[in-house]
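# Inside the fold
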Amino acid sequence: MFVCVCNAIRECELRAAARTHPGDVDAVYAALGKVPQCGSCLDEATEIIIDERACAQLPVVVPG
Ligand code: FES
């Protein structure tokens, strides 16, 4: 699914970039070599970035 239609940024790409690049949505887009255009995706993209970073800090449960 595309989060940003203007830049053809998929949710999985955004999540991966959120884990490896600090900063706000503009910084994460820049890490992908993109610049926001219409801006209609920025609220959703910000929520995805926050969610992904929060999930990355969850402990890994190893069955044992
Ligand atoms: S949909 Fe992302 S800048 Fe337009």
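Please refer to the structure higher up on the page.
These figures come from a predicted structure and were not determined experimentally.

## Some points on the overall build of the protein
Helix and strand counts for the protein come out as 3 helices and 2 strands. Beginning at the N terminus, the succession of helices and strands in the protein can be written as β-β-α-α-α. Across its three principal directions, the C-alpha atoms of the protein cover 50 × 20 × 20 Å. The 64 residues of the protein split such that 17% are buried. Contacts spanning at least 24 positions in sequence make up 46% of the contacts within the protein whose residues lie at least 6 apart.

## As for unusual backbone geometry
Not every positive phi belongs to a glycine, and alanine 8 is a case in point at roughly 50°. Tracing the chain through its elements places alanine 8 in the loop between strand S1 (2-4) and strand S2 (9-10).

Here is what the cut-offs are and how they apply
Residues numbered from 1 in each chain as written. Predicted model: local features only at pLDDT ≥ 70, side-chain atom pairs only at ≥ 80, totals over all residues. Helix = DSSP H or I, 4+ residues; strand = E, 2+ residues; numbered from the N terminus. Buried ≥ 20, exposed ≤ 12 C-beta atoms within 10 Å, placed from the backbone. Contact = placed C-beta atoms within 7 Å.

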